[in-house]
Amino acid sequence: MADRSQSSGATQGDARFEDGGPASDMPLFIKAMDAASLPVISALVQDAVYPITEMRIQKTKRRFAALINRFRWEDADAARAEGRPFERVQSLLLVEDMIGAKTTGIDRSDPDLVLSLLSIGFEPGEDGTGRLILTLAGDGAVALDVECLDVSLRDVTRPYAAPSGKAPRHDV
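An account of the accompanying structure is given in this report. (Residues numbered from 1 in each chain as written. Predicted model: local features only at pLDDT ≥ 70, side-chain atom pairs only at ≥ 80, totals over all residues. Heavy atoms only, no water.)

**A short note on the pairing of strand 5 (residues 87–96)**
Two faces make up the sheet, and in a regular strand the side chains alternate between them. Keep this limit in mind: Relative accessibility thresholds used throughout: buried, under 20% of the residue-type maximum; exposed, over 50%; partly exposed, between the two (1.4 Å probe, protein chains only). Here a helix means four or more residues in a row that DSSP labels H or I, a strand means two or more in a row labelled E, and each is numbered from the N terminus. In this scheme, strands are said to pair when DSSP sees at least two bridges between them.
Along strand 5, seven of the 10 residues are buried, which leaves the element largely enclosed by surrounding structure. Sheet analysis places strand 4 (residues 63–71) next to strand 5, joined by nine bridges and oriented antiparallel. Bridge assignment links F64 to a residue of strand 5, and that residue is V95. Examined bridge by bridge, strand 5 and strand 11 (residues 160–161) share two bridges and lie antiparallel to one another. When the bridges of strand 11 are listed, E87 appears paired with A161.

Below is the structure:
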């Protein structure tokens, strides 16, 4: 599902990734068009953080977009084995064909609010539509009613060392 090739449409035209750097620096581009492939994206965005100002619910374009700072789970085992720093990367999380949106537990008037994404789930509707749910830390959520499932995750910066130097922990 992840496409890291230079010649694909996933990276074409993005000069930040056209210098022939290491394959591990190549941008991730992944798309989920059905509920079976959504857990891959959900796993990759686990522990992503983003300021509320980087989240857009675009009703006229029928789109949800968030510029997230995600931990590079896909590289964590290799980084640990090689003694390299763990990495983060900025990525665009995009949901198309949105027909409605609702946030709960989020103070959207606080411009300094930073959201922490825990998971993405999908509840199919009876008529072919469904609800995509972004679960956030602190009992917050973004519920997106969608005509069909069309979710993509695309890296937009090179990976960089995680400021804490550590991988997120879930044993607390």
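Following the structure, the description resumes.
**Here's the deal with unusual backbone geometry**
Backbone geometry at R62 places phi at a positive 55 degrees, although glycine is not the residue there. Even without a glycine there, the phi angle at D97 is positive, about 60 degrees. Of note, D97 is situated in the loop between strand 5 and strand 6 (98–104).

**Overview of the nonpolar core**
What counts here: We define a nonpolar core as any set of buried Ala, Val, Leu, Ile, Met, Phe, Trp, Tyr and Cys residues linked to one another through side-chain atoms lying within 4.5 Å. We call two residues in contact whenever any of their non-hydrogen atoms come within 4.5 Å of each other.
With 30 residues, the main nonpolar core has F64 and L93 as its most contacted residues. Those residues within four positions of L93 in sequence are excluded, and the remaining contacts are I41, F64, A65, A66, I68, L117, I120, L134, V151, S152 and L153. With six residues, the next largest nonpolar core counts F71, F86, A162 and A167 among its residues.

**What to know about the pairing of strand 3 (residues 55–58)**
Note: strand 3 against strand 4, four bridges, orientation antiparallel. Looking across to strand 4, one finds that M55 is bridged to A66. Connecting the antiparallel pair strand 3 and strand 4 is a turn made up of four residues, with R62 showing a positive phi of about 55 degrees.

**Some thoughts on the environment of D145**
Topologically, D145 is positioned in strand 9 (residues 140–146). Taking the C-alpha atoms as reference points, D145 and D97, separated by 48 residues in sequence, lie 8.7 Å from one another. If sequence neighbours within four positions are ignored, D145 has contacts with D97, M98, I99, G100, G130 and R131.

**Quick word on the pattern of salt bridges**
Quick reminder of the rule: Salt bridges are identified by distance alone: a Lys or Arg side-chain nitrogen within 4 Å of an Asp or Glu carboxyl oxygen.
In the structure shown here, the tally under the stated rule is 12 salt bridges. The partner of R72 in a salt bridge is E74, and the shortest N-O contact between them spans 3.5 Å. When its relative accessible area of 31% is taken as the criterion, E74 is described as partly exposed. As a salt-bridge pair, R84 and E82 come within 2.6 Å of each other at their nearest N and O atoms. Look at E82 and you get exposed, because its relative accessible area is 55%. A single network of salt bridges, built from pairs that share partners, joins R70, R72, E74, D75, E82, R84, E87 and D155.

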